[in-house]
Amino acid sequence: MDKFLIKHPLVSEKAVEGSKRGAYVFLVDRRATKPEVAKAVRVLYKVEVTSVRIVNMKPKRRRLGQTVGVKPGYKKAIVTLKKGEKLDILPH
């Protein structure tokens, strides 16, 4: 298992709302699979994972004046924990 599989938690309004229901969002390596993410969360945070959903976010074009750039794409994993368990990684 790659020790840099999970890069960091993603913090947004939607992620904070999901954490109240036991669903946490992480930025993960592009090559990560659902079983690898579940195992990494289980080992890192010592919690029981019930499901993992993965979303590939596509790169987006951004413009600043005449300059056109690209925001890079990324892969995020939405990890749902067993009822009653929680992580102390996001503000509530």
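Refer to the structure printed above.
Calculation notes
- Residues numbered from 1 in each chain as written.
- Predicted model: local features only at pLDDT ≥ 70, side-chain atom pairs only at ≥ 80, totals over all residues.
- Heavy atoms only, no water.
- Helix = DSSP H or I, 4+ residues; strand = E, 2+ residues; numbered from the N terminus.
- Buried < 20%, exposed > 50% of the residue type's maximum accessible area, 1.4 Å probe, protein only.
- Contact = heavy atoms within 4.5 Å.
- Areas by Shrake-Rupley, 256 points an atom, 1.4 Å probe, with all protein chains shown as cover.
- Lys, Arg positive; Asp, Glu negative; His and termini not counted.
- Charge placed at Lys NZ, Arg CZ, Asp CG, Glu CD.
- Pairing = 2+ DSSP bridges.
- Axes fitted to C-alpha atoms, helices over the stretch in contact; angles between N-to-C directions.
- Expected span 1.5 Å × (residues − 1).
- Arc of directions from axis to C-beta.

When you look at the overall build of the protein chain in this model, what are you seeing that I'm missing?
Summing up its helical and strand segments, the protein chain has 2 helices and 6 strands in all. What you see in the protein chain, going N to C, is helices and strands ordered as β-α-β-α-β-β-β-β. With 92 residues in all, the protein chain has 35% of them scored as buried. Taking the intrachain contacts of the protein chain between residues at least 6 apart in sequence as the baseline, contacts between residues at least 24 apart amount to 59%. In the form shown here, the protein chain has an accessible surface area of approximately 6,800 Å², with 54% of it arising from carbon and sulfur atoms. When the 23 basic and 8 acidic side-chain charges of the protein chain are each reduced to a single mean position, those positions are 8 Å apart.

Would you mind going over the sheet that holds strand β6 (residues 74–81) with me for this structure?
Sheets are built from strands that pair by backbone hydrogen bonding, the pairs being arranged parallel or antiparallel. An order of β1-β2-β6-β3 is seen for the 4 strands of this open sheet, with the pairing classed as antiparallel. Whereas interior strands pair on both sides, the edge strands pair on one side only; in this sheet they are β1 (6–9) and β3 (49–57). The mean inter-strand angle of the sheet, taken between neighbouring strand axes irrespective of direction, is 30°. Two strands pair when backbone bridges link them, and β1 and strand β2 (residues 23–28) are joined in this way by 3 bridges, in the antiparallel orientation. In the sheet register, P9 faces β2, and the bridge partner there is F26. The sheet contacts of helix α2 (residues 34–45) involve β1, β2, β3 and β6, and relative to β3 the element is tilted by about 125°.

Looking at this structure, how should I read α2?
Note: α-helices contain 3.6 residues per turn, so residues at a spacing of three or four share the same orientation. The end-to-end C-alpha distance of α2 is 16 Å, a good match for the 16 Å that 12 residues give at a rise of 1.5 Å each. Where α2 is concerned, the buried positions are V37, A38, A40 and V41. End-on, the buried residues of α2 take up no more than an arc of 165°, which puts them together on one face. Contacts from the buried residues of α2 go to β1, β2, β3 and β6. Phi turns positive, to about 55°, at K46, one or two residues after α2.

So what exactly am I meant to see when it comes to the side chain of T80 here?
If you trace the backbone, T80 turns up in strand β6. In this structure T80 touches G22, A23, V49, T50, S51 and R53, once residues within four positions along its chain are discounted.

As far as function goes, none of this settles anything; it's purely spatial.
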